[in-house]
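Inside the fold
So you can see what is in the structure, the chains are spelled out below.
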Amino acid sequence: MKQIAAFIKPVLNSYSVLFFSQNRILGIILLLVSFLNPISGFAGLGCVIFSLLITKLLKQNSEDYRAGIYSFNSLLLGIAFGAFFQVNFMFVSWLLVACFMVVVTTIILSKRMGKPGLPILSLPFILVFWVVLLASNSIFNTGLLQKSSSLLQEIYTGPGNLAGAEGYLATSLPRLVSLFFRSLSAVLFQDHIIAGMLIAIGILIHSRIAFSLLIISFLTACGFNSITHIYPEGISYYHLGANLMMTAMAIGSFFTIASLRSYLLAVFCIPIGFVLINALTTLMALHALPIFSLPFCVLNISLLYFLILVGFQAKLQLTKVQYYSPEKNLYHVLNLQNRLNDLRYIRLSLPFMGYWTISQGYDGTITHKGEWGQALDFVITDDEQKTFQYPGTLPEHFYCFNKPVLACADGVVEQVVNHVDDNDIGEENLKENWGNTVVIRHTEGLYSKLSHLKKNSVKVKPGDTVKQGDLLGFCGNSGRSPEPHLHFQLQATPYIGSKTLSYPFAYYFNKKDNKSSLESYAVPQENELISNPEINVSLKKAFDLQPGFVAKLTAENGVTENWEVFKDTLNQSYIYSKTTGAVAYFINNGTMFYFTSYYGDKTSLLYYFYLAAYKVIFNDTAYIQANDEFPVPLTNNKILLWLQDFAAPFYRFISVKYKSGIQTKKTGLNIVSKQYQQLAGKTIPLAESTVFVDHGSLQAFVININGQHIEAQWSTEN
Amino acid sequence: MEKLPYQKPYIKKLHAGAMNKFGTRTGVQPVKSIDGVSVKSLIENYGSPVFVLSEKQIRKNYRAAYRAFSTRYPKVQFAWSYKTNYLNAVCQIFHQEGSWAEVVSGFEYRKALGNGVPGNKIIFNGPGKSTADLQLAIDHDSLIHIDHFDELNQLLVLSKNLANKPRVAIRVNMDTGVYPLWDRFGFNYENGEAWSAISKITASGILHLTGLHCHIGTYMLSTDAYGIAANKLAELAVRCQTQLNHKVEYLDLGGGFPSTNTLKGAYLPGNDIVPTIDDFAEVITSALLNFGFANDDLPLLILESGRVLIDDAGYLLGTVIANKRLANGKGATIVDFGVNILFTSFWYEHQVSPAQDFVAHSENMVIYGPLCMNIDVIRESINLPQLNPGDQVVVHKVGAYNMTQWMQFITLRPAVVLIDEKLRTHLIRQNETLEYTAEPELIPAHLNNAK
């Protein structure tokens, strides 16, 4: 029973993936629509099951197997067989043979083309079906009988029991509208208005963005043709649907992240499509072969290859992680753009302990100029902004003198200078400009340099491996330094005196009016008072969820869930709810814990925990707050959401924000968070939650959402 | 022309010493205001005598001390030593700055709770904790610093069958090269008592050994002692980790840093001989940093400084009552504050400054308090200009211990005033009244004649 259920998913996906979706409803609609021509329907379903069985036996990549990647070409083959050939004994046997050929071609092509990241689209079907057509048209008897064109026509316009409604619709609908629906049905080799309508509804449920692209491309193509009169009788509904509209949908929302530019690209594909359709028709007419969706394949694959080769474009991004939904792809990219600096930069910490002041920032007025502009000078100041204790005549009177200087990240020591004398106050040593210096290599093309250290204070030597926070030496007054200070810069080359590189610090506290705020991935400015984040050990320990961590959660109503933490092949950690199958990816960078994405059942306790602990800073200062935004709107208002989806590539008017702070209570720490929606300047509270932490472990959480009160306890853990 | 102040006739002994370029000046300067608020107005508004505390100076001291440690060591936490000065307003300043609370009695513990300090940020020290106190500390998840085996045994009894293990530390006493050796508090390091206490706690399975604590002395004038103490505590912590597989989260080096008051019998003034907080920080932090902990695994360093953070932020303002000449010809001045409220005058030679202009001549004199007790001597010998009855004086560096160790004896205890950072004055403790002292008293009916 379980196996059958597990089999239904790839079957339905084989249908929905025709429209780049994994939506079950769309899959069911397409399955039903394919049976409008019962022979095609049976042949298609048979081919899907046959090819799924083969790929399952061959133990091919199970993810692609489940997504229907190996079976949708067979589906097309089956439907086309049913549409083009008469049923007889040979029909079934040749169908099986052809289906096997499609599977073989699919695997060859997908493995070869997958390397540079290209899709196979319907190429296997086209190639195999050409072979079949050429064989059946040959002088030898294959036993396959092509339906006569009149027969085809008859099937397409169909006298069946749909005729009444179909006929009524054909006359009562405006010509363009009925053409639109017929074009959609063409993807399944049909010419049914009702089939098209059902497919349209399915696509609308699957994705508003994709649907809007279908309409835009349809109108563009018709408009373009009415101006240019390339096809005096109008474009064939088949090419409209299977080539032009599908191309626009794929390139505009599936392979790229939907945006203004992706929409423009999709529109621009229409005239190219015209050229390709005409050219390929002429070419293949020599062999009396129909071109099917070849223009769609050629256009999509070549544009995609082009985009891969030109590299990253901020405003026209390729879809890196495919969620099979233009909306999900878009919302995740938008969300991660602002949130995933942890994966983009090396995590640099400040090279000292406690609060220091920046006496000269980037492009400062004293010495940070030109190519050496991206450097920072640090000193320690007191409440009166003085850097020294009375009388300030010796380096020892200065607060920063002889204070530990640390490695800002893991690395290998490249260069050390340790012999330069410390200057008297007010003197500068321009001859040995940088004074005592340590250069550390963190990665290819990223070196940090610390200068003006105290003479003979450097504790490391070239070749030493240092960890973040290791003691390198002590702050001094050597080189071009009239008073003790620490010079810090990042550079692309290992030399002392290299030009500087702008690079942010991962996390630091910025103190203003005696209140600290957490800055992330920023470059501190002149006169700012900054320190490494002060970390609450108990909070940090509570969220230190290493792979293998298991927890059992018990809700108020007695429902339990078992969670375990895993790491995937990309080294990303996630919590997996064994009970509901839900998955929540998270990052813990030592300063904060935050979730990056959630998949699965939205009634799982894991989902509520994801909402409650979306972002937690490991600091218990009452006024420090974590602010963030959720990727996908949480609201229940479907109409509003759909409107948002339509507009999303260009403008987002709903945003769901998250805010959390730590309250210290008699029994440990409470992480109090609020989830609220911002819509047209109005703030609407959505949920309120509290996570309880005590003795360095998670104890419980409560959340009030949509009038529901959910409370769960961690009952066991390791 | 302004009328010259009256100057009493006096006789001065002629000294035949070498001449010096400073002439006969004593260096005494009048102190007419505190943080810009005039002494006169303070006495006018709040009476005489009156304690005055400077919020600005308290915060400045705290920040300087915290800076000294936090720029040398990554994990530093201060805990305000309540016994030094537990006026609620004072405690709140320290808590605002980020200090935890360090208490040594059930009374202080409840005071800290009352000040809104979360239980897990209260350190409970001291040899005299009652069962009720311990139970309270367990309930609030506080850090209990165990002083002796009897307390440990009592805790073991109280901690049976608890869902969360109480967090405890042991107090360790040790030889740091400073005499007298403080061995009356905690468990001894050298004779292995501390280690057996640690073993007993970890073996019990019902107490969580969170930290190690020591308090090697008070008014320590040697920084080396702290280096030795830090090393010995770190050694215990590492031994805990390697032999018992138990990680100690913090090392509490206690307090004991001196203020710049001059101790009685000291040859040189405190300002000249007392090491700065930076000197102590340097020794303690370098001992810990060099001990061999991994830098992301360093224990939290807790300090329980009291005196050094507040002594010089406190002033006692008083008024001269009378002048006298003693039988031996030495001058004596009687002021309106006695040793009952200036307890530290038993230990320190407090600096006393006149609060108004004075004539250049000064004379060696005794300052007596107003009590009818022979012990009531504020200074046995001090060079001051002549003071007339009604003149006001300022006693410096009285912020530590006086406002906790003072006693209601013969006179009533005076008001305490806080000058905030915007130079506004706030009454933070009213002067005592007869009713206040009489309130807890009960008179048996047969003795009650005041009908």
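Residues numbered from 1 in each chain as written. Chains lettered and ligands numbered in written order. Predicted model: local features only at pLDDT ≥ 70, side-chain atom pairs only at ≥ 80, totals over all residues.

Remarks on the overall build of chain A
To be explicit about the condition: Counting from the N terminus, the helices are DSSP H or I runs at least four residues long and the strands are E runs at least two residues long. Note on burial: count the other C-beta atoms lying within 10 Å of the residue's C-beta; 20 or more is buried, 12 or fewer is exposed, in between is partly exposed, and C-beta positions come from the backbone. Once C-beta atoms have been placed from the backbone, residue pairs whose C-beta atoms lie within 7 Å are recorded as contacts.
Each helix and strand in chain A was counted, giving 20 helices and 25 strands. Along the first, second and third principal axes, the C-alpha atoms of chain A reach 105 × 60 × 50 Å. Within the span of chain A, comprising 718 residues, buried residues form 43% of the whole. Looking at chain A alone, contacts between residues at least 24 apart form 63% of all its contacts between residues at least 6 apart.

A short note on the overall build of chain B
Let me state the cut-off plainly: Throughout, radius of gyration means the C-alpha value; the globule benchmark is 2.2 Å times the number of residues raised to the power 0.38.
Tallying secondary structure elements over chain B gives 13 helices and 20 strands in all. For 451 residues, the compact-globule estimate of 2.2 N^0.38 gives 22 Å, and chain B sits close to it at 25 Å. Taking the principal axes of its C-alpha atoms as reference, chain B extends roughly 80 × 70 × 45 Å.

Side note on the domain arrangement of chain A
All names here are of chain A. Filter applied, for reference: Residue ranges assigned to each domain were obtained from an automatic or database domain assignment.
On domain assignment, one finds that chain A holds domain 1 (1-174), domain 2 (207-322), domain 3 (356-531) and domain 4 (537-717). The centre of domain 2, based on its C-alpha atoms, is set 41 Å off from the matching centre of domain 4. In this complex, domain 2 contributes 7 residues to the contact, which on the side of domain 4 involves 6 residues. When contributions to the side of domain 2 that touches domain 4 are tallied by element, the ones reaching two or more residues are helix 12 (208-228) and helix 14 (260-285).

Here's the deal with the pairing of strand 8 (residues 167-173) of chain B
Residues and elements named next belong to chain B. Formally: Paired strands are those between which DSSP finds at least two bridges. Note on handedness: a crossover is taken as right-handed if, strands pointing away from the viewer, the path from the first strand over the helix to the second is clockwise.
Counting buried positions along strand 8 gives 6 out of 7 residues, so the element sits mostly inside the fold. Bridge analysis of strand 7 (residues 143-146) against strand 8 gives 3 bridges, and the strand direction is parallel. When the bridges of strand 8 are listed, I146 appears paired with I170. With respect to chirality, the unit in which strand 7 leads through helix 6 (residues 149-158) into the neighbouring parallel strand 8 is right-handed. The pairing of strand 8 with strand 10 (residues 208-214) spans 6 bridges and is parallel. Counterpart to V168 in the pairing with strand 10 is L209. In this sheet, strand 9 (residues 187-188) lies alongside strand 8 in parallel orientation, the contact comprising 2 bridges. Directly across from N173, in strand 9, lies its bridge partner N188.

Some details on the UniProt feature "domain: Orn/DAP/Arg decarboxylase 2 N-terminal" (unreviewed entry) in chain B
Note the following rule: UniProt positions are given in the numbering used here, feature names are shortened, and annotations may be inferred rather than shown by experiment.
When the UniProt feature table is mapped onto this chain numbering, "domain: Orn/DAP/Arg decarboxylase 2 N-terminal" (unreviewed entry) sits at residues 63-309 of chain B. Along residues 63-309 of chain B, the helical share is 40% and the strand share 16%, with 9 Å between the first and last C-alpha atoms.

Some thoughts on the interface of chain B and chain A
Basically, it comes down to this: In the scheme used here, Gly and all other residues not listed as nonpolar or charged are polar, with Ala, Val, Leu, Ile, Met, Phe, Trp, Tyr, Cys and Pro taken as nonpolar and Asp, Glu, Lys and Arg as charged.
Every contact between the two is made by 18 residues of chain B and, on the other side, 19 residues of chain A. Element by element, the count of residues in the side of chain B that touches chain A is highest for helix 2 (residues 55-70) of chain B, at 5 residues. Looking at the side of chain B that touches chain A residue by residue, the class counts come to 5 nonpolar, 6 polar and 7 charged.

Observations regarding the environment of V238(B)
Mapped onto the elements of the fold, V238(B) is located in helix 8 (residues 224-244). Between the alpha carbons of V238(B) and G292(B) there is a distance of 9.1 Å; along the sequence they are 54 residues apart.

What about helix 7 (residues 123-137) of chain A?
Residues and elements named next belong to chain A. The condition that has to hold: What a helix is expected to span follows from its residue count: subtract one and scale by 1.5 Å.
Relative to the 21 Å expected for 15 residues at 1.5 Å per residue, helix 7 spans 21 Å between its end C-alpha atoms, a close match to the ideal helical length. Among all positions of helix 7, only L123, P124, F125, I126, V128, F129 and V132 are buried. On its buried face, helix 7 is in contact with helix 5 (72-84), helix 6 (89-114) and helix 15 (294-310).

Brief notes about unusual backbone geometry
Residue and element names in this part refer to chain B. In this structure, P49 follows S48 across a cis peptide bond, with omega equal to -5°. Inspection of the secondary structure puts P49 in the loop between helix 1 (39-46) and strand 3 (50-54). Backbone torsion omega between Y179 and P180 reads 5°, so that peptide bond is classified as cis. Positive phi, normally seen in glycine, also occurs at D35, with a value near 55°. Within the fold, D35 resides in the loop between strand 1 (33-34) and strand 2 (37-38). Of the residues examined, D35 has 17 C-beta atoms within 10 Å and is grouped as partly exposed.

Remarks on the nonpolar core
Defined as follows: By convention in this section, buried Ala, Val, Leu, Ile, Met, Phe, Trp, Tyr and Cys residues joined through C-beta atoms within 7 Å make up a nonpolar core.
One finds V52(B), A101(B), V172(B), L233(B) and V417(B) to be the most contacted residues of the largest nonpolar core, which totals 208 residues. Take this core: its biggest share by element is 9 residues, from helix 8 of chain B. With residues up to four places along the chain from it excluded, the contact list for A101(B) reads A79(B), W80(B), Y82(B), A112(B), V117(B), K121(B), I122(B) and I123(B). Of all hydrophobic cores here, the second largest spans 99 residues; its members include L12(A), I120(A), I199(A) and L244(A).

Notes on helix 10 (residues 277-289) of chain B
With 13 residues, helix 10 of chain B extends 18 Å between its outermost C-alpha atoms, agreeing within 8% with the 18 Å of an ideal straight helix rising 1.5 Å per residue. Residues of helix 10 of chain B that are buried include every one of I277(B), D278(B), F280(B), A281(B), E282(B), V283(B), I284(B), T285(B) and L288(B), and no others.

Focus on the packing of helix 3 (residues 38-57) of chain A against helix 6 of chain A
Residue and element names in this part refer to chain A. For clarity, the threshold we go by: Geometry is summarised by axes, namely lines fitted to C-alpha atoms with helices restricted to the contacting stretch, and by angles between N-to-C directions that run from 0 to 180 degrees. Reported orientations rely on four angle classes, namely roughly parallel under 35 degrees, roughly antiparallel over 145, roughly perpendicular from 65 to 115, and oblique for the rest. Should the near helix be turned anticlockwise from the far one by less than a right angle, the crossing is termed left-handed; should it be turned clockwise, right-handed.
Where helix 3 meets helix 6, the closest approach of the two axes is 10 Å, and the angle between their N-to-C directions is 50°. The angle between helix 3 and helix 6 falls in the class oblique. Crossing of helix 3 over helix 6 shows right-handed handedness. Taking contact as the criterion, the partners of A43, C47, F50, S51, I54 and T55 in helix 3 are, on helix 6, L95, L96, C99, F100, V102 and V103. Split by residue class, the contact of helix 3 with helix 6 holds 10 nonpolar, 2 polar and no charged.

Concerning the domain arrangement of chain B
All names here are of chain B. Annotation of chain B at the domain level lists domain 1 (33-52 + 312-432) and domain 2 (86-305). Between domain 1 and domain 2, the contact holds 12 residues from the first and 9 residues from the second. Elements that contribute at least two residues to the side of domain 1 that touches domain 2 include exactly helix 12 (402-405), strand 19 (415-419) and strand 20 (425-429). Residues that form the side of domain 1 that touches domain 2 fall into these classes: 7 nonpolar, 1 polar and 4 charged.

Some points on the pairing of strand 5 (residues 100-103) of chain B
Residue and element names in this part refer to chain B. Of the two faces of strand 5, both are covered, the one formed by W100 and E102 as well as the one formed by A101 and V103. Pairing of strand 4 (residues 76-81) with strand 5 involves 3 bridges; the strand directions are parallel. From the neighbouring strand, W80 faces strand 5, where its bridge partner is A101. Regarding topology, helix 3 (residues 88-97) serves as the crossover connection from strand 4 to the parallel strand 5, and that connection is right-handed. Pairing analysis gives 3 bridges linking strand 5 to strand 6 (residues 122-124), with the strands arranged parallel.

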